[in-house]
Amino acid sequence: MIKRQQIKDLLKSTDFNTEVTVMGWVRTFRNNQFIALNDGSCMGNIQVVVDFNNTPENLLKRITTGAAIKATGTLIESLGKGQTVEIKATKVEILGDSDPEKFPLQPKKHSLEFLREIAHLRFRTNTFNAVFKVRHALSFAIHQFYNERGFVYMHTPVITASDAEGAGEMFKVTTLDFENTPRTEDGKVDFSEDFFGRATNLTVSGQLEGELAAMAFGHIYTFGPTFRAENSNTTRHLAEFWMIEPEVAFADLENNMELAEDMMKYVISYAKENCKEELEFLNNRLAEEEKQKPQNERSEFTLLEKLDFCLANDFQRLTYTEAIDILKSSKPNQKKQFKYLIDSWGADLQSEHERYLVEKHFKRPVILTDYPKDIKSFYMRLNDDGKTVAAMDILFPGIGEMIGGSQREERMDVLKQRMDEMSVPQEELWWYLDTRRFGSAPHAGFGLGFERLVLFVTGMTNIRDVIAFPRFPKSAEF
Ligand code: 4AD
Ligand code: MG
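Residues numbered from 1 in each chain as written. Chains lettered and ligands numbered in written order. Predicted model: local features only at pLDDT ≥ 70, side-chain atom pairs only at ≥ 80, totals over all residues. Heavy atoms only, no water.

**Observations concerning the domain arrangement of the protein chain**
As a reminder of what qualifies: Domain extents, as shown, originate in an automatic or database domain assignment. Accessible-area loss on putting two parts together, using a 1.4 Å probe and summing over both, is the definition of buried area adopted here. Salt bridges are identified by distance alone: a Lys or Arg side-chain nitrogen within 4 Å of an Asp or Glu carboxyl oxygen. For this analysis, a polar contact is any N or O atom pair within 3.5 Å, provided that within protein one partner can donate a hydrogen and the other can accept it, and provided that sequence-adjacent residues contribute only side-chain to side-chain pairs.
Parsing the protein chain into structural domains produces domain 1 (7–106) and domain 2 (124–160 + 215–465). Domain 1 and domain 2 are separated by 44 Å when their C-alpha centres are compared. Taking both sides of the interface into account, the surface hidden between domain 1 and domain 2 amounts to around 810 Å²; carbon and sulfur atoms contribute 50%. For the domain 1 face of the interface with domain 2, the top three residues by lost area are R27, M43 and L105, together amounting to 66%. Remark: the boundary between domain 1 and domain 2 carries zero salt bridges. Along the contact surface separating domain 1 from domain 2 lie six residue pairs in polar contact (both at pLDDT 80 or more).

Here it is, written out as structure tokens:
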């Protein structure tokens, strides 16, 4: 059995003069003597000092950047600058060579664009070590938050026959032969011959199934991958992303807003407490990046200040109608600086408008409610005005829409009418309608885009850098 100690523990250890064994990947090797070794347990490296006079030349040559090694030696207090402990090696073994001519990660700063092309190796950089540790902590915190509140974690299907959002942005799932597609008499593709005997797709949201479970358990949440075939090549969109979708029976829009705000604050403060080193690093990273920008484009806040600010302040709540009034008379609208000018009630908000509200006007997270029914999904509860629905979007600085949710339409007749208006087929969703038929109750829920949360907490600027292997138009490498 392999035995080793983790570098994160050794860096804190004061057990000097004991024998230790570490395994990791060489970051650098200086003067045929000093190995900076990283095993991923933390961002820091441990210095392994090689006795080069008593080490064969051909072994020294194989200690190269990227190589995996095992080092055994004595843990000693370091005399060198920048570290408190080091290992005086008695034995170094090469586990896996790395040709320094070919290894793409050099001990220097690489651009994020370049690292995206070598996403299989970028975990071995400090930036991605920090990002993925924070991602891990946030996902753990989400489970802990819901577990503490008695929510049941539901695994909703990845393959489905329905389009939960009714937006038609689905990836088809099929085993039909494209070269020889079975056809019905009227020339359409005959899905009865397909694997499931019908047309199926990858899920865009687990909400509809989540609602079914909420109408039995009282409160549930999902946390799984969702897929959108929208052709959005932006720094905020992925074709495959992870979504958290709580659904609560006997709840209205107020309950929904409160749950969402509590959750956001809980998980951000969990990350702050449990990822101090990583957030410190990311904070400095962002500060460096900001320095490259012209003065007027720089952020007023550091990353850590932004997180603290978000924890300390209530999210600003206002209706869509109030937001439209603010936007209409805003400077960028008056001066025609918005790409999409706001001239009338009913306009869909673009990310430039959302960002104006959050970053310029309120300077804090904003919960926008009661949107026009025509720009929202069929399942959102119709308000008494007959024009708006009990929807909410939570907008975050630097991100725009972080959360989308609503109170659900629990009244069968209204729901059916909304489905007809929006051309959502009732026959296909018979099981969804059944919950309104048997013991319907007010209920509400929302979806949090997990990568957008990770983006906010890490201060990274491109969503492709906070998921291990991003999927987006024309790209599905790895
Ligand atoms: O607003 P959306 O489309 O809402 C739903 O899917 C509802 N069924 C949620 C619910 O009420 N249970 O998506 C929810 C969130 C968005 O606010 C955004 O953060 C994220 O999912 N999101 C994306 N994240 C990355 N890439 C994309 N293409 C995304 N589309 C939505
Ligand atoms: Mg939305």
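That shown, we press on.
**Remarks on the environment of F171**
We count it as follows: Only DSSP runs of H or I with at least four residues qualify as helices, and only runs of E with at least two residues qualify as strands; both kinds are numbered from the N terminus onward. Summary of the burial criterion: residues with accessible area below 20% of their type's maximum are buried, those above 50% are exposed, and those between are partly exposed, where the area comes from a 1.4 Å probe applied to protein chains only. We call two residues contacting when some pair of their heavy atoms lies within 4.5 Å.
Inspection of the secondary structure puts F171 in the loop between β7 (159–160) and β8 (172–173). Assessed through its relative accessible area of 31%, F171 is described here as partly exposed. Spatially, the C-alpha atoms of F171 and F227 are 7.2 Å apart, while their sequence positions differ by 56 residues. Ignoring any residue separated from it by four or fewer positions in sequence, one finds F171 in contact with T200, N201, L202, F227, R228, A229 and A239.

**Describing the nonpolar core**
The criterion, for reference: Here the nonpolar core consists of buried residues drawn from Ala, Val, Leu, Ile, Met, Phe, Trp, Tyr and Cys, with membership extended through side-chain atoms lying within 4.5 Å.
Judged by nonpolar contacts, the single largest core of 67 residues is most densely connected at Y146, F396, I403, L453 and V457. Residue contributions to this core reach at least three from each of two domains, namely domain 1 (7–106) and domain 2 (124–160 + 215–465). Setting aside its immediate chain neighbours within four residues, L453 contacts L138, I142, M264, V267, M402 and L448. The next biggest cluster of nonpolar side chains, apart from the first, holds 34 residues, and it includes A164, F362, Y371 and L433.

**Section: the site of ligand 1**
For the record, the criterion: One heavy atom within 4 Å of a molecule or strand is enough for the residue carrying it to be called near that molecule or strand. In short, Shrake-Rupley with a 1.4 Å probe defines the accessible areas, and a residue's cover is counted only from the protein chains shown. Under the convention adopted here, Pro, Cys and the residues Ala, Val, Leu, Ile, Met, Phe, Trp and Tyr are nonpolar, Asp, Glu, Lys and Arg are charged, and Gly plus all remaining residues are polar.
Around ligand 1 sit 24 residues, and of these E165, Q207, E245, E401 and M402 come closest. Taking E401, its side chain carries an N or O atom lying 2.6 Å from an oxygen atom of ligand 1. Here R408 contributes a side-chain N or O atom positioned 2.9 Å from an oxygen atom of ligand 1. Here ligand 1 loses 93% of its free accessible area of 620 Å² to cover by the protein chains. Mapped by element, the contributors of at least two residues to the shell around ligand 1 are β11 (240–249), β15 (400–407) and β16 (443–449). Partitioned by chemical class, the residues of the shell around ligand 1 number eight nonpolar, eight polar and eight charged.

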